[in-house]
Amino acid sequence: MRLYIRDNSQAVADYVSDYVVARIKAFNPSAERPFVLGLPTGSSPLEVYRSLVKKYRAGDISFKHVVTFNMDEYVGLPRDHPESYHSFMWTNLFQHIDIPPTQVHLLDGNADNLDEECRRYEEKIKDMGGIELFLGGIGPDGHIAFNEPGSSLQSRTRVKTLAYDTILANSRFFDNDITKVPKLALTVGVGTVMDAREVVIIITGAHKALALAKCIEEGVNHMWTVSAIQIHPFSMIVCDEDATLELHVKTVKYFKSIEMVHHQLIGQERMSLAGGITSLKGVDKATLVSGTPPPASPIKCKN
Ligand SMILES: N[C@@H]1[C@@H](O)[C@H](O)[C@@H](COP(=O)(O)O)O[C@@H]1O
């Protein structure tokens with residue numbers, strides 16, 4: 001797993017949006033072979049979405065051959081309610097880009113048969129050949145999507161009862177009134193996220209610092225479901241300085257030094273391409289950083 005630490009949340013968003021665009025371009029998607037992207041809601045990805053819209057408007061990227069699957073949706077909230085995740089995604093991203101509506105997938109929290117809806121969602125992801133890159137955020141209790149503490153780390157898409165802490169945290173979107181916050185949600189499982197070929201998690205703010213520390217300095221634990229990322233073969237967390245407050249200084253230094261060495265190697269690689277050092281030719285950039293060979297694709301990380 002890689003950890004990239006940026007000065008603030010805007011720098012995190014810039015890094016992640018550049019990365020997503022680079023990954024889509026490198027994949028070179030087509031109608032027959034679209035890029036399948038998993039997406040979150042929440043304040044964490046908001047700046048990323050703004051930046052993706054800007055890049056689209058500037059002609060840097062097209063989403064014509066991108067297929068999306070969102071992580072979760074509240075149960076029982078009308079689809080056009082301003083706080084439904086459906087509204088969030090259309091307001092903040094989809095309506096501003098060229099993605100065909102038929103390529104957007106969101107769970108239907110008003111389906112007659114919620115279990116069937118979840119089963120169908122998993123099926124659709126499979127039919128699309130699985131998710132290439134799952135972008136995610138986390139709650140302060142370390143939950144990914146709506147996989148609250150205690151969720152099975154092998155869980156699939158299902159109905160989930162929200163934890164009191166999450167209801168409280170999300171009440172800011174419902175006039176700070178916890179009675180207005182839905183108590184149930186449909187969510188992809190931890191296993192669904194971990195099946196993606198790559199997982200990228202955004203963690204910003206001091207209120208997520210404990211979760212980040214639990215996620216990377218302690219073991220894989222169902223009480224901090226994002227910690228499952230430790231066993232993912234190709235994953236990355238991008239956080240801001242505030243989110244590192246509970247990490248050991250040693251941990252922060254370690255990941256920063258790894259990134260620095262990596263940049264040096266990339267610099268050397270550029271030199272080698274210009275005829276200087278030759279020993280790094282053919283070494284994959286991600287392998288240099290993590291020791292884990294990434295899945296076959298031209299560029300997987302913009303390091
Ligand atoms: N289900 C969503 C999560 O997917 C999201 O990661 C979390 C954090 O949201 P924020 O980024 O606003 O802190 O909120 C909700 O619980």
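Residues numbered from 1 in each chain as written. Predicted model: local features only at pLDDT ≥ 70, side-chain atom pairs only at ≥ 80, totals over all residues. Heavy atoms only, no water.

The name an unreviewed UniProt entry assigns to the chain is Glucosamine-6-phosphate isomerase, from the organism Dispira parvispora. Database annotation for the chain, UniProt heading Function (unreviewed entry): "Catalyzes the reversible conversion of alpha-D-glucosamine 6-phosphate (GlcN-6P) into beta-D-fructose 6-phosphate (Fru-6P) and ammonium ion, a regulatory reaction step in de novo uridine diphosphate-N-acetyl-alpha-D-glucosamine (UDP-GlcNAc) biosynthesis via hexosamine pathway." Among the UniProt annotations of the chain, the heading Sequence similarities (unreviewed entry) holds the following wording: "Belongs to the glucosamine/galactosamine-6-phosphate isomerase family." (UniProt positions renumbered as here; feature names shortened; annotations may be inferred.)

1. A look at the side chain of Thr-157
Looking at the secondary structure, you find Thr-157 in the loop between strand S6 (133–136) and strand S7 (158–161). We classify Thr-157 as buried; its relative accessible area is 8%. Here Glu-122 takes part through its side chain, which lies 2.7 Å from a polar atom of the side chain of Thr-157. Those residues in contact with Thr-157 that lie beyond four places of it in its chain are Leu-107, Cys-118, Tyr-121, Glu-122, Thr-187, Val-188, Gly-189 and Thr-192. (Helix = DSSP H or I, 4+ residues; strand = E, 2+ residues; numbered from the N terminus. Buried < 20%, exposed > 50% of the residue type's maximum accessible area, 1.4 Å probe, protein only. Polar contact = N/O pair within 3.5 Å; in protein donor to acceptor, adjacent residues only side chain to side chain. Contact = heavy atoms within 4.5 Å.)

2. Description of the sheet that holds strand S4 (residues 72–74)
Pairing in this open sheet of 3 strands is antiparallel, and the strands run S4-S8-S7 from one edge to the other. At either end of the open sheet lies a strand with only one pairing partner, and these are S4 and S7. Pairwise comparison of adjacent strand axes, ignoring direction, gives a mean angle of 30 degrees for this sheet. Two elements, S4 and strand S8 (residues 184–187), share 3 bridges in a ladder whose sense is antiparallel. Bridged to Asp-72 within S8 is Thr-187. Along the sheet face, helix H4 (residues 114–127) touches S7 and S8 and points at about 125 degrees away from the line of S7. (Pairing = 2+ DSSP bridges. Axes fitted to C-alpha atoms, helices over the stretch in contact; angles between N-to-C directions.)

3. Overview of the sheet that holds strand S5 (residues 104–105)
Through backbone hydrogen bonds, the strands of a sheet pair up, either in parallel or in antiparallel fashion. Read across the sheet, 7 strands follow the order S1-S10-S9-S6-S2-S3-S5 without closing on themselves; strand pairing throughout is parallel. Every interior strand has two partners, whereas the edge strands, strand S1 (2–6) and S5, have only one. Packing against the sheet, H4 makes contact with strand S3 (66–70) and S5, and its axis sits at approximately 155 degrees to S3. Relative to the sheet, helix H7 (residues 209–217) contacts S1, strand S9 (198–203) and strand S10 (235–240), its axis offset from that of S10 by approximately 150 degrees.

4. Brief notes about the site of the ligand
As a matter of local geometry, the ligand sits amid 13 residues, with Ser-43, Ser-44, Asp-72, His-143 and Lys-208 nearest to it. Contact distances for the ligand include 3.3 Å between an oxygen atom and a backbone N or O atom of Ile-138. Alone, the ligand offers 390 Å² of accessible surface; in the complex the protein occludes 97% of this. (Near = heavy atom within 4 Å. Areas by Shrake-Rupley, 256 points an atom, 1.4 Å probe, with all protein chains shown as cover.)

5. Considerations on the pairing of S8
In this sheet, S8 lies alongside S7 in antiparallel orientation, the contact comprising 4 bridges. Among the inter-strand pairings, Arg-158 is bridged to a residue of S8, identified as Thr-187.

6. Quick look at the nonpolar core
If you look at the biggest cluster of nonpolar residues, it comprises 42 residues, and the most contacted ones within it are Leu-3, Ile-201, Leu-212 and Ile-237. At the level of elements, S1, S3, H4, helix H6 (190–194), S9, H7, S10 and helix H8 (249–273) are the ones that each hand at least two residues to this core. For this core, the element with the most residues is H7, which contributes 5 residues. Residues Ala-13, Tyr-15, Phe-63 and Ile-97 belong to the second largest nonpolar core, which totals 35 residues. (Core = buried A, V, L, I, M, F, W, Y, C linked by side-chain atoms within 4.5 Å.)

7. A closer look at the UniProt feature "domain: Glucosamine/galactosamine-6-phosphate isomerase" (unreviewed entry) in the chain
Per the UniProt annotation, the sites labelled "domain: Glucosamine/galactosamine-6-phosphate isomerase" (unreviewed entry) are residues 8–230. Taken end to end, residues 8–230 is 33% helix and 15% strand, and its first and last C-alpha atoms sit 24 Å apart.

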